[in-house]
Amino acid sequence: MTERRVRVRFAPSPTGALHIGGVRTALYNYLFAKKHGGDFVLRIEDTDQTRFVPGAEEYIIESLKWLGIAPDEGIGFGDGKHAPYRQSERKPMYKQYAMQLIEAGHAYYAFDTPEDLEAMRERLKASNVDAKYDPITRSAMKNSLTLSEDEVKIRIENGDPFVIRFKMPRKEEVKFHDEIRGWVHVNTAQLDDKVLYKSDGMPTYHLANVVDDYLMETTHVIRGEEWLPSAPLHILLYRAFGWEDVMPKFAHLPLLLKPEGNGKLSKRDGDRLGFPVFPLQWTDPNTGETSSGYRESGYLPEAVINLLALLGWNPGNNLELMTKDQMIELFTLDRVSKHGAKFDQNKAKWFNQQYLRHTDNAVLAAELKKDVEAHNLSFSDAYILRTCELIKEKITFVKELWSFGEYFFIAPTKYDEGVIAKRWNEKSPLVLQDTIQLLRPLEEYTAATIEAAYNEALAKNGVANKDFMQLLRVCLSGVAGGPPIFEMAELFGKQETIARLQRAMDTINT
Ligand code: GLU
């Protein structure tokens, strides 16, 4: 058989915001597709209309675009060769496949009412038997295996509600190779006759998923671990359709775990510990509740995909910071872990910090400029750029350019009380006064000349640098930590530096 072109798909259901676990699934599909020069397809699995949430599909698409992992094919992407990509729009296609299974004896009509099903469950519960619709219980139910052909025909013609169920073999060992977990064995005795199709013409997830993977020529199904229990049914469906030769390979990804490692990471963990679990901010249209997003929290998309890539996969060396191209080059499914990966908020911040340090100063300056202008302040582009250069090592998020660097634009009126209490004494105003006197005549105003003037003032008053340095910083910026002091003072300019020192002296002294 000739090698098929690699085609993978991300197939979310539009039931709300995309959780970062889902983003990771999309990312691994993306990396795998690119690594093999194949296609990454986005399919929207919206067969369950009761769970449809308006805006969720747009949210998913915007998230993938923001993260730089947009699909090659899907709604609004690619040439539409396999369109439509929304299952609700593919509705008319599925019936023939359900019928094909009935004709081949792999599926059957079932007419049981909700009451019939409830009665069956009660009956079985009473005798301590697993209450499921399966090869044993089906014989006591109202379906095309128990009713006469005529009755089935009449019921369908009368428009009686029905479902089409898969006829699960009774005790058969289903064995398949998972690209991450190795061989998986399941006995069909544990499975039930899943509903594949409903009389309203809608397929269920299982039928639509398998039919679409077949029609869209999917070669690898890379999805979350929660779908592993469905895989045996999907494999049996491929067999029942006679599509085994083009059956995709399966890879079930490990769970993303809570920071404590006890269970699946949820939105509640994010709320509890103060970190986003969604890529973008999301307002639930039903509850009106807004959840924070990585984008709005100031994360850079490159940092987010880098940190997610390593939650469940390792590149086989100690590399942590990787460009997307490096990830593509190194990505293999056999390096995806079988075990859940714990989410670590501090590590997430560390990634962002690293990416921020590598961000071009001009890009950061453009962001900072927006805040400067929003405060009705006017500073030159060169001043804003230099501020970014000086503080980028000190911050984790882009939005901190302003919150951290505000004192570059607005002189402080409050001074760190701890530092003042510890360092301020009767000599302090003298050192400040002398520094001001020595700065005033300077013609060349640079970090070096400022430092020299300050050192001279210290010497004159018999004060050691180690006892005054932090005080000088607080007088200039109001806060105890920041970039190199003299470079900062150089950027402020002579007049502003002197004004700040004078003001600190006046304020603190009184
Ligand atoms: N619609 C399923 C989901 O929401 C897709 C599972 C699969 O990839 O097969 O995750």
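About the cut-offs
- Residues numbered from 1 in each chain as written.
- Predicted model: local features only at pLDDT ≥ 70, side-chain atom pairs only at ≥ 80, totals over all residues.
- Heavy atoms only, no water.
- Near = heavy atom within 4 Å.
- Polar contact = N/O pair within 3.5 Å; in protein donor to acceptor, adjacent residues only side chain to side chain.
- Nonpolar A, V, L, I, M, F, W, Y, C, P; charged D, E, K, R; others polar.
- Helix = DSSP H or I, 4+ residues; strand = E, 2+ residues; numbered from the N terminus.
- Expected span 1.5 Å × (residues − 1).
- Buried < 20%, exposed > 50% of the residue type's maximum accessible area, 1.4 Å probe, protein only.
- Lys, Arg positive; Asp, Glu negative; His and termini not counted.
- Salt bridge = Lys/Arg side-chain N within 4 Å of Asp/Glu carboxyl O.
- Contact = heavy atoms within 4.5 Å.
- Pairing = 2+ DSSP bridges.
- Axes fitted to C-alpha atoms, helices over the stretch in contact; angles between N-to-C directions.
- Core = buried A, V, L, I, M, F, W, Y, C linked by side-chain atoms within 4.5 Å.

**Structural notes on the site of the ligand**
Thinking step 1. Surrounding the ligand, one finds Arg9, Ala11, Pro12, Ser13, Glu45, Tyr205, Asn209, Arg223 and Trp227.
Thinking step 2. In the model, an oxygen atom of the ligand is placed 2.9 Å from a nitrogen or oxygen of the Arg223 side chain.
Thinking step 3. Of the residues that constitute the shell around the ligand, the class distribution is 4 nonpolar, 2 polar and 3 charged.

**Digging into helix 1 (residues 20–35)**
Thinking step 1. Between the first and last C-alpha of helix 1 there are 22 Å, a value that for 16 residues agrees with the 22 Å anticipated at 1.5 Å per step.
Thinking step 2. The buried count for helix 1 comes to 14 of 16 residues, which makes it a mostly enclosed element.
Thinking step 3. Just past helix 1, the residue Gly37 takes up positive phi, approximately 60°.

**Topic: the side chain of Asp112**
Thinking step 1. Position of Asp112 relative to the elements: it lies in the loop between strand 3 (107–110) and helix 4 (114–126).
Thinking step 2. Buried Asp112, no salt bridge; nearest opposite-charge side chain is Arg165, N-O distance 4.9 Å.
Thinking step 3. Of note is the side chain of Asp112, whose polar atom sits 2.7 Å from the side chain of Tyr133.
Thinking step 4. In terms of polar contacts, Asp112 uses its side chain to reach the backbone amide nitrogen of Lys142, at 2.7 Å.
Thinking step 5. Those residues in contact with Asp112, other than ones at most four positions away along the chain, are Leu117, Tyr133, Met141 and Lys142.

**Structural notes on the environment of Tyr238**
Thinking step 1. Structurally, Tyr238 is set in helix 7 (residues 231–241).
Thinking step 2. Judged by its relative accessible area of 1%, Tyr238 falls in the buried class.
Thinking step 3. Considering only alpha carbons, one finds Tyr238 and Asn143, 95 residues apart in sequence, at a separation of 23 Å.
Thinking step 4. Here Tyr238 is in contact with Val210, Asp213, Tyr214, Trp243, Glu244, Met247, Pro248 and Phe250, once residues within four sequence places are set aside.

**Side note on the pattern of salt bridges**
Thinking step 1. The full count for this structure, using the stated rule, is 40 salt bridges.
Thinking step 2. One salt bridge connects Arg181 with Glu225, and the closest N-O pair in it is separated by 3.1 Å. A residue pair is termed long-range when its members are at least 10 positions apart, and Arg181 in the loop between strand 5 (173–178) and strand 6 (182–187) and Glu225 in the loop between strand 8 (220–224) and helix 7 qualify at 44 residues.
Thinking step 3. On the accessibility criterion, Glu225 (24% relative accessible area) is partly exposed.
Thinking step 4. Ionic pairing is found between Asp434 and Lys460, a salt bridge with its closest N-O pair at 3.3 Å. Of this pair, Asp434 sits in helix 16 (residues 428–439) while Lys460 sits in helix 17 (residues 447–461), placing them 26 residues apart in sequence.
Thinking step 5. Using a relative accessible area of 61% as the deciding quantity, one classes Lys460 as exposed.
Thinking step 6. Taken together, the shared-partner salt bridges connect Arg9, Arg43, Glu45, Arg90, Asp212 and Asp213 into one network.

**Looking at unusual backbone geometry**
Phi is mostly negative for residues that are not glycine, and the peptide bonds are mostly trans.
Thinking step 1. With an omega of -5°, the peptide bond running from Ala83 to Pro84 counts as cis.
Thinking step 2. With respect to the element layout, Pro84 can be found in the loop between helix 2 (56–67) and helix 3 (91–103).
Thinking step 3. Unlike most non-glycine residues, Glu217 shows phi in positive territory, near 60°.
Thinking step 4. Tracing the backbone shows Glu217 in the loop between helix 6 (205–215) and strand 8.
Thinking step 5. In this structure, Asn376 takes a positive phi of about 55° despite not being glycine.
Thinking step 6. Along the polypeptide, Asn376 turns up in the loop between helix 12 (361–374) and helix 13 (381–391).

**Remarks on the sheet that holds strand 3**
Sheets are built from strands paired through backbone hydrogen bonds, the pairs being either parallel or antiparallel.
Thinking step 1. The strand order 3-4-7 describes an open sheet built from 3 strands, whose pairing is antiparallel. The open sheet has two edge strands with one neighbour each: strand 3 and strand 7 (195–198). The sheet shows a mean angle of 25° between the axes of neighbouring strands, taken without regard to direction.
Thinking step 2. Pairing of strand 3 with strand 4 (residues 163–166) involves 4 bridges; the strand directions are antiparallel. The partner of Tyr109 across the bridge, within strand 4, is Ile164.
Thinking step 3. Against the sheet, helix 3 touches strand 3, strand 4 and strand 7, its axis set at about 105° to strand 3.

**Comments concerning the environment of Met216**
Thinking step 1. Position of Met216 among the secondary structure elements: in the loop between helix 6 and strand 8.
Thinking step 2. Ignoring any residue separated from it by four or fewer positions in sequence, one finds Met216 in contact with Arg7, Val41, Arg43, His82, Pro84, Tyr85 and Arg90.

**Notes on the nonpolar core**
Thinking step 1. Membership of the largest hydrophobic core comes to 115 residues, with the highest contact counts inside it found for Phe343, Phe408, Phe468 and Leu472.
Thinking step 2. Broken down by element, this core gets its largest block of residues, 9 residues, from helix 1.
Thinking step 3. Not counting residues up to four positions away in its chain, the partners in contact with Phe468 are Ser428, Val431, Leu432, Tyr454, Leu458 and Val463.
Thinking step 4. In terms of nonpolar packing, the next biggest core, distinct from the first, is built from 37 residues, Phe111, Met168, Tyr197 and Leu237 among them.

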